[in-house]
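# Notes for the structure review
Listed below are the residues making up each chain.
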Amino acid sequence: MVTELVILAAVLAAVLLTVALVYVLPRRRRDAPPPRPGVDYVPGVGDDAGPPVDAPKRTVETVDLPEAPSAPSGEARPAEALPGELPPVEPGPVVERPAPAAGRLVRLRSRLARSQSALGQGLLTLLSRDRLDEDTWEEIEETLITADLGVGPSQELVERLRARTRVEGVADADDARRMLREELLALVDPSLDRSLRTQRHEGRPAVLLVVGVNGTGKTTTVGKLARVLVSEDRDVLLGAADTFRAAAADQLTTWGERVGVVTVRGAEGADPASVAYEAVRAGIEQEADVVVVDTAGRLQTKVGLMDELGKLKRVVEKHGPVDEVLLVLDATTGQNGLAQARVFAEVVAVTGLVLTKLDGTARGGIVVAVQRELGVPVKLVGLGEGADDLAPFDPEAFVDGILGD
Ligand code: GDP
């Protein structure tokens, strides 16, 4: 019995072995990829050096590739690096090259004409009347005072016009315009030196302090001024010494970056005098031509802060005398601006005035009033919020703007 079982098991094993040899193994071999010469075995003479071209290949699978960032139209794609080359340099932020500021007021004159038309046209209409009686002269004087010319200069102008019309007469509107133009120009005083002292000294840059009450457009003016100087090929450095207003330093840094100018700044609440000092020191080290310092613009009634401005100037002057102290006044604030001007002038010796927002007021007379008040010329005027809306003051273009074309 046992013998029969052993024989049966042996027969079964033989049958299974035969089946495996005949069917399963050959199929496995057929399914398996053929051995690859050079990979699975060292190729011998007569063998291919690599897998034959008709060897089974991987199937092609369609996969979703991540979308390539599309370059904005019109912009060149950065070149790809070739093997062995350094990766391409990403282009840095574009540095603007502002247009030169000379003659800018002539180009911006239309802005004056728009805001000052009440003054210029009003005066011309009055002067062109057939009869220049007492009432008309009074109206002329009122128009001038309303335009912030100040009482003294207004009366002066009326007196001069009265005298001239008596002697010369006014034939027509053109005549009136010519006479008014001459007299307004004389009041604005074309003989004043309005140039900005921005020439570098031996071993140190020119230093400009920009002072004024908050909101007058002081920081904006520093930014615009940097552009004017860059357009004249000056190496400029900015000092953000308005450390009271958190956003002022950021605002100034952005202005500077646009024209490739570095801004020296301190921590929020840092001592403005030390920031200003550091800015000038950096300007000396970097051999800059001009350092423009934006100062803290607190209300002039806060005696402490005004003292601080005096201190700032004294500290900065350890490097050498300051070349310009520019007082920024908002033309729309009228007589209040004059009061500010007086207080600032007591603390620091103001060398030039910047009248901002002349585009938004019919009170162009403030130019004359404030010059008279401080005995200091208006050197720059702001005629809009645009980056290049700061113009060197040009008396002729200004008067022409007031009178309209
Ligand atoms: P800051 O506090 O004195 O530094 O004043 P900012 O420089 O921040 O300016 C205050 C506001 O006045 C901003 O909105 C400026 O854009 C605006 N501003 C400055 N100058 C002019 C100008 O000439 N014309 C007009 N329309 N706005 C101006």
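Quick note: structure is the one above.
Residues numbered from 1 in each chain as written. Predicted model: local features only at pLDDT ≥ 70, side-chain atom pairs only at ≥ 80, totals over all residues. Heavy atoms only, no water.

### A closer look at helix α6 (residues 173-188)
- For α6, which comprises 16 residues, the first-to-last C-alpha distance of 22 Å matches the rise-based estimate of 22 Å (1.5 Å per residue) to within 8%.
- Burial in α6 covers these residues: Asp175, Ala176, Met179, Leu180, Glu183, Leu184, Leu185, Leu187 and Val188.
- At its buried positions, α6 is contacted by α3 (109-127), α5 (151-168), α12 (366-374) and α13 (395-403).
- One side-chain oxygen of the residue at the start of α6 lies 3.2 Å from the amide nitrogen of Asp174, identifying that residue as Asp172.
- One or two steps after α6, the chain reaches Asp189, where phi turns positive at roughly 70°. (Helix = DSSP H or I, 4+ residues; strand = E, 2+ residues; numbered from the N terminus. Expected span 1.5 Å × (residues − 1). Buried < 20%, exposed > 50% of the residue type's maximum accessible area, 1.4 Å probe, protein only. Contact = heavy atoms within 4.5 Å. Polar contact = N/O pair within 3.5 Å; in protein donor to acceptor, adjacent residues only side chain to side chain.)

### Side note on the site of the ligand
- Surveying the vicinity of the ligand reveals 18 residues, the closest of which are Gly215, Lys218, Thr219, Thr220 and Glu385.
- In this structure, Thr219 approaches the ligand through a side-chain N or O atom, which is 2.8 Å from an oxygen atom.
- Alone, the ligand offers 590 Å² of accessible surface; in the complex the protein occludes 80% of this.
- When residues in the shell around the ligand are grouped by element, the largest group, 4 residues, is from helix α7 (residues 218-231).
- Among the residues making up the shell around the ligand, the classes are represented as 2 nonpolar, 10 polar and 6 charged. (Near = heavy atom within 4 Å. Areas by Shrake-Rupley, 256 points an atom, 1.4 Å probe, with all protein chains shown as cover. Nonpolar A, V, L, I, M, F, W, Y, C, P; charged D, E, K, R; others polar.)

### Observations regarding the sheet that holds strand β7 (residues 378-382)
- Strand order across the open sheet formed by 8 strands is β3-β2-β4-β1-β5-β6-β7-β8, with mixed pairing between neighbours. Whereas interior strands pair on both sides, the edge strands pair on one side only; in this sheet they are β3 (262-265) and β8 (390-392). Neighbour-to-neighbour, the strand axes of the sheet open up by a mean angle of 25°, direction not taken into account.
- Lying over the sheet, α12 contacts β5 (324-330), β6 (352-356) and β7, oriented at roughly 155° with respect to β6. (Pairing = 2+ DSSP bridges. Axes fitted to C-alpha atoms, helices over the stretch in contact; angles between N-to-C directions.)

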